[in-house]
Amino acid sequence: RKGTAVVTGASSGLGLATAKALADTGKWHVIMACRNFLKAEKAAKSVGMSKEDYTVMHLDLASLESVKQFVDNYRRTERPLDVLVCNAAVYQPTAKEPSFTAEGFELSVGTNHLGHFLLSRLLLDDLKKSDYPSKRMIIVGSITGNTNTLAGNVPPKANLGDLRGLASGLNGQNSSMIDGGEYDGAKAYKDSKVCNMLTMQELHRRYHEETGVTFASLYPGCIATTGLFREHIPLFRLLFPPFQKYITKGYVSEEEAGKRLAQVVSDPSLGKSGVYWSWNNNSSSFENQLSKEASDAEKAKKLWEVSEKLVGLA
Ligand code: NDP
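Residues numbered from 1 in each chain as written. Predicted model: local features only at pLDDT ≥ 70, side-chain atom pairs only at ≥ 80, totals over all residues. Heavy atoms only, no water.

Peer 1: Give a description of the pairing of strand β1 (residues 3-8) that names residues and reports values.
Peer 2: Taking burial as the measure, the six residues of β1 include six buried ones, the bulk of the element. Here β1 shows a buried face lined by G3, A5 and V7 and a second buried face lined by T4, V6 and T8. With six bridges joining them, β1 and strand β2 (residues 28-34) adopt parallel strand pairing. When the sheet's bridge partners are listed, V7 is paired in β2 with M32. For the crossover from β1 across helix α1 (residues 13-25) to β2, the handedness is right-handed. With three bridges joining them, β1 and strand β4 (residues 83-86) adopt parallel strand pairing. Within β4, the residue paired with V7 across the bridge is V85. (Buried < 20%, exposed > 50% of the residue type's maximum accessible area, 1.4 Å probe, protein only. Helix = DSSP H or I, 4+ residues; strand = E, 2+ residues; numbered from the N terminus. Pairing = 2+ DSSP bridges. Right-handed = clockwise from strand over helix to strand, strands pointing away.)

Peer 1: Summarise the site of the ligand; cite the residues concerned and give the values.
Peer 2: Near the ligand lie 30 residues; those nearest to it are S11, N87, Y189, T226 and R230. Within the backbone of G9, an N or O atom sits 3.1 Å from an oxygen atom of the ligand. D60 has a polar side-chain atom sitting 2.8 Å from a nitrogen atom of the ligand. Notes on the ligand: free accessible area 900 Å², of which the protein chains cover 98%. Among the elements of the structure, α1 and α6 (185-211) are those that each provide at least two residues to the shell around the ligand. (Near = heavy atom within 4 Å. Polar contact = N/O pair within 3.5 Å; in protein donor to acceptor, adjacent residues only side chain to side chain. Areas by Shrake-Rupley, 256 points an atom, 1.4 Å probe, with all protein chains shown as cover.)

Below you can see the structure in the form of structure tokens.
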């Protein structure tokens, strides 16, 4: 049978390119889990995906109720779940004030981390039930959260501190930042990506042996053309793609990045669990090292416990 992969945020950028790459293999049915139904339908059509290769389902990661609703709706379809790709993200680098999810968490961490944390925890049961030979759960990471790289050292740097802001609810009353500091939209995004990478490793430690599911993260390269930068100042949006193309040489097209993520979904040679994948300049994949903070097992455990409380799992 065809595999079924759920891809969050498949209505644009990397998620859409991944959905397209998977559909093109003829081996996958893609569930496009998106907050904007019409946009997702149009996006699928615009890249030439055919009807039988995808289903759009509503998911707004900025609402835990919506996450639960998505899981219920998914179960009602009685489709098996073979791969989950946590890809959606918001980035608000120029925001002066924080905005908040339905439950009142700062939006970047609330969406990118907490929404996906609940989704992955709930859908793990469904993955367990699937009889697919290589079941995988993938959380898209980023170089920007990785302070052992050049890009990760551009200020403001990611830093979760002792998680005091997260533990106090991340609701803007005490703080809207994980480390308890002043709001900074760019840092909130990077922090959320560190959470994504820590969560993947904690999932691996807790569940890989018992379930056989492969847990992986990746940095697909700098896809300077996606909607992620839509809230950035116009000059940045103009200069960022050529800068990445010619100066840092980290630039990767949406199509190429989608193929990379699709490899992590289904390539037999990328089936190892607990790995953070990256690609070198000639597009071959390798197991990359994470920064000290993004591979701190103590912090991963603490993040897990605090996140469980916030999303109502503990
Ligand atoms: P895009 O902005 O193009 O795509 C983000 C997707 O997330 C969109 O489909 C968007 O939906 C969706 N989304 C945002 N908020 C929500 C929500 N509340 N509920 C459901 N879906 C939501 O950005 P990219 O494709 O660049 O980003 C995809 C992933 O790649 C992210 O995890 C990002 O961190 C990562 N990444 C990107 C890099 C880059 O250079 N671009 C580099 C490294 C990692 P909608 O279409 O409705 O807005």
